[in-house]
Amino acid sequence: MDYFLTEEQQMIKELAARIADEKVAPVARELDEKEEFPYEIMKILAESDLFGVYIPEEYGGLGGGITEQCLVIEELSRACAGVAVSYAASGLGCTPILLFGTEEQKQKYVPDIAAGKKLAAFALTEANAGSDVSGIQTMAVKDGDYYILNGTKQWITNGGEADVYVVLAVTNRSKGSRGFSAFIVEKDTPGLSFGKKEKKLGIRASATREVIFTDCRIPKENILGKEGMGFIVAMKNFDRTRPGIGAQAVGIAQGALDYAASYAHQRYQFGQPISSFQAIQHMLADMATQTEAARALVYATARMIDAGAKDFSKESSMAKVFASDVAMKVTTDAVQILGGYGYMRDYPVEKMMRDAKITQIYEGTNQIQRNIIALELIKQYASKK
Amino acid sequence: MMGIRIIEENCTGCAVCIRACPFNAVKMENDKAVILDNCTLCGSCADACKFDAIDFQAERGTGMGDLSSYRDVWVFAEQKGGIADSAVFELLGAGRRLADQLGEDLAAVLIGNKVRPVAQQLIAYGADKVYWVDHPDLEYFNDELYADNLSYLIQRYRPNIVLLAATVYGRSLGPRVAARIGTGLTADCTGLEIDVDTRNLMQTRPAFGGNLMATIVCPDHRPQMATVRPRVMRPLEPNSGRSGHILRQQAQLKQDLKTRVLQVVEEAGETLNLLEADIIVSGGRGLGDPKNFALVEELAKTLGGAVGASRAAVDAGWIPYSHQVGQTGKTVGPKIYFACGISGAVQHLAGMSSSDIIVAVNKDPDAPIFKVATYGIVGDVLEILPLITNEFKKALGK
Amino acid sequence: MNIIVCIKQVPATNDVKINKDTNTLVRDEAQSVINPFDTYAVEEGVRLKEATGGKITVISMGIPKVADILKECIAVGADDGILLSDRAFAGADTLATSAALAAGINKIGDYDIIICGKQAIDGDTGQVGPELAERLGIPHITCVRKIEEIKEDYIRAQRMTDFGYEVIECSLPAVITVVKEINEPRLPSIKGMMKAKKAVIPVWTADDVGADKDKIGLRGSPTKVIKTFTPEININTEIIDGAPEEQAHKLVEKLLQLQIKVPV
């Protein structure tokens, strides 16, 4: 489908596709097997200016928006979702600084992130706080010109690899959701340490670690926004980054569809290519339709946000929930089309199926997304009365 | 003015010229041929046109005038440490044939330090004369000095033909000398013949990675220079009783040398990368036992090739994954691919079927590998592989 | 350091099809790309510039469309591109090509090093680099796999040989030709692509560069292609029969006839 991308968007998409095909695809299997962080590819993405596509030009970026970011994530995900999330998570860490950072904070951190010299990460999840953010236990206690952080963040994408962390911590337990604050923490801050790299079902190239704070002293100017704004920071951040998860899902689905379709054309059974069987044709037709529908929703949402819409949590959740469910379905069908081969690690589709699963889980499970959508719907219809 | 022009009133729009053009440089517009910018003035279209509708005046350069004073076939005798490159003897074999056809002498140009013994050897391999330049400064191949000396000799003695081996040195020295003399040089020839009518040297060479052969002449300039692919021409049997003249030449040296060779390093036994190897010998499960991979390695070593393997052999732990050829391994395209004890699963074929020549050895005559093989041997790989290796060793004198 | 890189446009694949009747190439609108070896030359130029500062000018001789490929070089870090394009350049062999390039480079004037790929994948001659050096009256080093040191008027480099490598030093300016071992070319950057999009590639004619018409194009080419043909390739499997010894002997005989170079 022609989405009438601008010339610059087309350029970004083509370059990301080229990196995916030439640099990522050849090593995707090895990175998955070895659970190895893709340092080389991060370097290539940095040299290509792709880390800055969504960042304003005054901070060293290319001045694009979420649409541009989604194009890159989608193309990379076609080849390896683990690589794509390592790229995308830096955006998840940078976006709160762009949204809530002071001019000084932006000048200090964003140019290096835009240039890919530094990776960023966003640290919210804890053992007892996932879907329910109020379960956060990491504390930030003010001590003169510093905040002292104590606690452990769990499953942090780019944990240990990122240089800049945006961390959510409790500053006032009694205020409930208004008691959280967000802080920028640099990697070399004393008292900051990392747990072991987690063993995951999919996206194994990406680094997922505990981020541990032990009397970690943060200068008070590193607070993002004001004290008590942490929950808002997290929600506004996710509103803008959920389409990126949708784009990741679209990319994974497209990769699986591409592989399954060409396999079906080459695989002979009963004396003919299996693509000549209607059973396979209908599966492929559905996969293609669903993938395109997901892409259309993701792009539409991204463009709506880029165009300056005020309220887009619902659309952003819809894009994420729909695309991730499509990715799960399409990759499962791709494995089915490949049959026994699909189940083997020698073929890339089983990895895509494993990778797809996380898109239904992270940055808010699809159940939480449906809650958000339903809540918005209820608000909308209630106000009509 | 040289050029090419369509004579529109003669053009019938038959499009024969479009088919004749090797460069897609002709198109039809309103039923008339039009020559495009990428025309290389090769003249194919004019030759093909039946209606004299293409005015082609390939006004070639005037050349060097009287060429009859250029005589003899020369071979540049590349040597290292007083040992001639084996390709030199091949060039002497080819040069001898050309010289005899032309009724001219075959001469070798020998440049080096204390290389007198090589001169005798060159005569034994067919040279009538050896132009011998000897000086301590010429110990190592140096583009600048060697080019000065070879150019000087060419300008002084005016040979008709100069052949160099298409080695790294030959392909560096040849063009520099050709440019200095202002004559043509044909690279990496695999065929050399004399045209009986014109007495020109017809130089045949592969282009487009060997997909096309081209025969090239240098009609109006002398000497006719060519670099020749090693291991293509046949050397003569050496005859130590042959006589010839060794003509010592003054070394051309200079004070302000711009180029110096600081260090010459030999890197032996470097394992060849599968992707770059011209020859790959691959083993599969048909070898029966990991230790039989030694047979594969031996043949690869003999041919200076790389060792590959099927997935089955890799999965069995007989050889590391880095050697795996196929869908989940490396895709290779060597000049010769030996599939030894490999049945030829589609996944394997996907990684090697673009090889120029495929040799399959397998005991199962119905093995799919025979469907893509150029040459097939049905038999016991453990018995036949060592025999092949020995035959090669004999033929290559190893 | 002023760096000049010479590039050539070649068909995207050398897997050309041959029309058996006419013995000519079938190029169904075959895509053209920068000669792969030249990408290493461009990358080495960019790395030199990053290390020493200066300017990279990429030059090519060819049809007007080659400007696109020069722009690709700008996208990966070159500063300027110059295209030598004129019917008078057409039909050039390597000697005439080197004359055209030399004329163009002399017009550019100030240069410290000229980098070329080892050879082009269509012609596979590798002759233009040394011929260019001779025409410019400067030294050359072919098959460079590593630049060990480079200063204002001096370069020390490793040249790959048939048996290993050698370390060569020479004065600058000089021509080097590079092998693919020298580096891994980068992909373009978005900023580079945008710069390339805006770039204007000057087109220089033979008159612009003051080329001697007797030295360029068909007129300046001593060599002439008189025939092209397709090598015979047997695609039908030939099963070699006989006793094992006989089979091995016959096979080796056939393979030796192919005259494939065996590294010593």
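Since the structure is predicted, the reported quantities are computational estimates derived from the model, not experimental observations.

(A) Molecular detail of the overall build of chain B. A tally of helices and strands in chain B yields 11 helices and 22 strands. Dimensions of chain B, computed from C-alpha atoms along their principal axes, come out at roughly 70 × 70 × 40 Å. Within the span of chain B, comprising 398 residues, buried residues form 55% of the whole. In chain B, of all internal contacts separated by at least 6 residues, the share reaching a separation of at least 24 is 62%.

(B) Expanded view of the interface of chain B and chain C. Between chain B and chain C, the contact holds 97 residues from the first and 89 residues from the second. When chain B packs against chain C, the two sides together hide about 8,500 Å² of surface, and 59% of this comes from carbon and sulfur. Taken together, the links from chain B to chain C amount to 4 salt bridges. Of the charged contacts, one joins Glu134 of chain C and Arg176 of chain B as a salt bridge, the two residues approaching to 2.7 Å between their closest N and O atoms. Of the residues belonging to the side of chain B that touches chain C, the class tally is 53 nonpolar, 22 polar and 22 charged. Of the strand pairs in this sheet, strand β14 (residues 212–217) of chain B and strand β14 (residues 224–229) of chain C are connected by 5 bridges, and their pairing is antiparallel. Bridge pairing links Val217 of chain B to Lys224 of chain C in β14 of chain C.

(C) Inspection of the state of the cysteines at higher detail. Residues and elements named next belong to chain B. Overall, the coordinates contain 0 disulfides over all chains when judged by the stated rule. Sulfur of Cys49: no disulfide; nearest cysteine sulfur belongs to Cys14 and is 6.2 Å away. For the unlinked cysteine Cys189, the closest cysteine sulfur is that of Cys218, found at 11 Å.

(D) Molecular detail of helix α7 (residues 293–302) of chain B. When α7 of chain B is considered as a whole, its buried residues turn out to be Phe293, Val296, Leu299, Ala300 and Thr302 of chain B. Residues of α7 of chain B that are buried in the fold lie against β18 (279–283), β19 (306–309), α8 (311–315), β20 (336–340) and α11 (381–396) of chain B.

(E) Quick peek at the nonpolar core. In this structure, Leu50 and Val185 of chain A together with Ile113 and Ile155 of chain C are the most contacted members of the largest nonpolar core, which totals 166 residues. Looking at this core, the element that brings in the most residues is helix α6 (residues 230–266) of chain A, giving 14 residues. The residues touching Val185 of chain A, leaving out its near neighbours within four places in the chain, are Leu149, Asp163, Val164, Tyr165, Val167, Leu192, Phe213, Cys216 and Ile218 of chain A.

(F) Molecular detail of helix α4 (residues 81–100) of chain A. Here α4 of chain A is 20 residues long and its end C-alpha atoms lie 28 Å apart, about the 28 Å a rise of 1.5 Å per residue gives. If you look at α4 of chain A, its biggest bend is around 30°, right at Cys94 of chain A, and the proline Pro96 of chain A turns up within four residues after that.

(G) Seen up close, the pattern of salt bridges. Inspection of the entire model under this criterion finds 63 salt bridges over all chains. With a shortest N-O distance of 3.4 Å, Lys197 of chain C and Glu7 of chain A are connected by a salt bridge. You can see Lys197 of chain C sitting in helix α5 (residues 190–198) and its partner Glu7 of chain A sitting in helix α1 (residues 7–34), one on each of two chains. Here Lys197 of chain C falls in the partly exposed class, since its relative accessible area comes to 44%. Connected via shared salt-bridge partners are Glu144, Asp148, Arg176, Arg180 and Lys254 of chain B together with Glu134 of chain C.

(H) Layout of the interface of chain A and chain B. Counting residues at the interface gives 5 residues for chain A, matched by 5 residues for chain B. It is Arg29, Asp346 and Tyr347 of chain A that lose the most area in chain A upon contact with chain B, and together they represent 82% of the buried surface on that side. Inspection of the region where chain A meets chain B yields 1 salt bridge. Of the charged contacts in the structure, one is a salt bridge between Asp346 of chain A and Arg311 of chain B, with a shortest N-O distance of 2.1 Å. In this structure, the connection of chain A to chain B is made through 1 residue pair in polar contact (both at pLDDT 80 or more). Across the side of chain A that touches chain B, the residue classes break down as 3 nonpolar, no polar and 2 charged.

(I) Seen up close, a nonpolar patch on the surface. Residues and elements named next belong to chain A. Judged by side-chain polarity, Leu377, Ile378 and Tyr381 come together as a nonpolar surface patch covering roughly 300 Å² of accessible area. Positionally, Tyr381 belongs in helix α11 (residues 366–384). Of the residues examined, Tyr381 reaches a relative accessible area of 48% and is grouped as partly exposed.

(J) Geometry of the pairing of β19 of chain B. Of the two faces of β19 of chain B, the one lined by Ala306 and Gly308 of chain B and the one lined by Val307 and Ala309 of chain B are each fully buried. Of the crossover connections in this fold, the one passing from β18 of chain B over α7 of chain B to the parallel β19 of chain B is right-handed.

(K) Representation of the side chain of Gln249 of chain B in the model. Residues and elements named next belong to chain B. The residue Gln249 is located in strand β16 (residues 245–249) in this model. Here Tyr157 takes part through its side chain, which lies 2.7 Å from a polar atom of the side chain of Gln249. In this view, Gln249 contacts Tyr131, Trp132, Val133, Leu153, Arg156 and Tyr157; residues no more than four positions away in its chain are not counted.

(L) Highlighting the packing of α6 of chain A against helix α10 (residues 349–359) of chain A. Residues and elements named next belong to chain A. Two elements in contact, α6 and α10, have axes separated by 10 Å at closest approach and are oriented at 160°. In terms of axis orientation, α6 runs roughly antiparallel to α10. Note that α6 runs across α10; the crossing there is left-handed. Of the residues in α10, those touching α6 at Ile245, Gln248, Ala249, Ile252, Gly255, Ala256 and Tyr259 are Val349, Met352, Asp355, Ala356 and Thr359.

(M) Region of the structure containing the packing of aromatic side chains. Within this structure, the stated rule accounts for 18 aromatic pairs over all chains. Note on Phe270 of chain A and Phe277 of chain A: the rings are 6.2 Å apart at their centroids and 75° apart in plane angle, and the pair reads as edge-to-face. Three or more aromatic residues joined by ring pairs form one cluster here, namely Tyr259, Tyr263, Tyr341 and Tyr347 of chain A. Residue placement shows Arg158 of chain B over the ring face of Tyr70 of chain B; its charged tip is 4.4 Å from the ring centre. A cation over a ring is seen here: Lys107 of chain C above Trp204 of chain C, with NZ or CZ 4.9 Å from the ring centre.

(N) Region of interest: the confidence of the model for chain B. Within chain B, residue pLDDT values average 88, and 94% of them lie at 70 or more. The secondary structure element of chain B with the lowest average pLDDT is helix α9 (residues 346–352) of chain B, at 76, and the one with the highest is strand β5 (residues 73–76) of chain B, at 98.

(O) How the structure looks around the environment of Ala99 of chain B. Tracing the backbone through its elements, the reader meets Ala99 of chain B in helix α3 (residues 86–102). For Ala99 of chain B, a relative accessible area of 0% gives the class buried.

What counts, and where the lines are drawn
- Each residue is numbered by its place in its chain's sequence as written, counting from 1.
- For this description, chains carry letters from A and ligands carry numbers from 1, given in the order in which they are written.
- For a predicted model such as this one, the threshold for reporting local features is a pLDDT of at least 70, and the threshold for listing and counting side-chain atom pairs is 80 or more; totals across whole chains, interfaces and linings nevertheless cover every residue.
- Side-chain measures were taken over the full set of non-hydrogen atoms in the model, leaving aside hydrogen atoms and water.
- The helix and strand labels rest on DSSP assignments: H or I over at least four residues marks a helix, E over at least two residues marks a strand, and numbering proceeds from the N terminus.
- Using a 1.4 Å probe on the protein chains alone, a residue whose accessible area is under 20% of its type maximum counts as buried, one over 50% counts as exposed, and one in between counts as partly exposed.
- Pairs of residues are marked as contacts when any of their non-hydrogen atoms sit within 4.5 Å.
- Two parts placed together each lose some accessible area under a 1.4 Å probe, and the buried area is that loss summed for both.
- Between Lys or Arg on one side and Asp or Glu on the other, a salt bridge is scored when a side-chain nitrogen of the former is within 4 Å of a carboxyl oxygen of the latter.
- Three residue categories are used. Nonpolar comprises Ala, Val, Leu, Ile, Met, Phe, Trp, Tyr, Cys and Pro, charged comprises Asp, Glu, Lys and Arg, and polar comprises the others, including Gly.
- Two strands make a pair as long as DSSP finds a minimum of two bridges between them.
- In what follows, a disulfide is any cysteine sulfur pair within 2.5 Å.
- Side-chain atoms within 4.5 Å link the members of a nonpolar core, which is a set of buried Ala, Val, Leu, Ile, Met, Phe, Trp, Tyr and Cys residues.
- Expected helix span is computed as 1.5 Å times (number of residues minus one).
- Bend, in this description, refers to the angle at a residue between axes fitted to the seven residues ending there and the seven starting there.
- We define a polar contact as two N or O atoms separated by no more than 3.5 Å, with the added condition that, inside protein, one atom must be a possible hydrogen donor and the other a possible acceptor, whereas residues neighbouring each other in sequence contribute only through side-chain atom pairs.
- Patches draw on residues past 30% relative accessible area with no salt bridge. Two like charges within 9 Å are joined, as are two nonpolar side chains (Val, Leu, Ile, Met, Phe, Trp, Tyr) within 5 Å.
- We get accessible surface area from the Shrake-Rupley algorithm with a probe of 1.4 Å; when it comes to residues, only the shown protein chains can shield them.
- By convention a crossover is right-handed if, when the strands point away from the viewer, the path from the first strand over the helix to the second runs clockwise.
- Between N-to-C directions, angles span 0 to 180 degrees; the directions come from axes that are lines fitted to C-alpha atoms, helices contributing only their stretch in contact.
- Here the word oblique covers every angle except those under 35 degrees (roughly parallel), over 145 (roughly antiparallel) and from 65 to 115 (roughly perpendicular).
- Crossing handedness follows the turn of the near helix against the far one: under a right angle anticlockwise gives a left-handed crossing, and clockwise gives a right-handed one.
- Note on aromatic contacts: the rings of Phe and Tyr and the six-membered ring of Trp form a pair at centre separations within 6.5 Å, being stacked when their planes are under 30 degrees apart, edge-to-face when over 60 apart, and tilted otherwise.
- Charge over a ring is defined by NZ of Lys or CZ of Arg lying within 6 Å of the ring centre and within 35 degrees of the ring normal.
- Per residue, pLDDT measures the predictor's confidence, with a range of 0 to 100.

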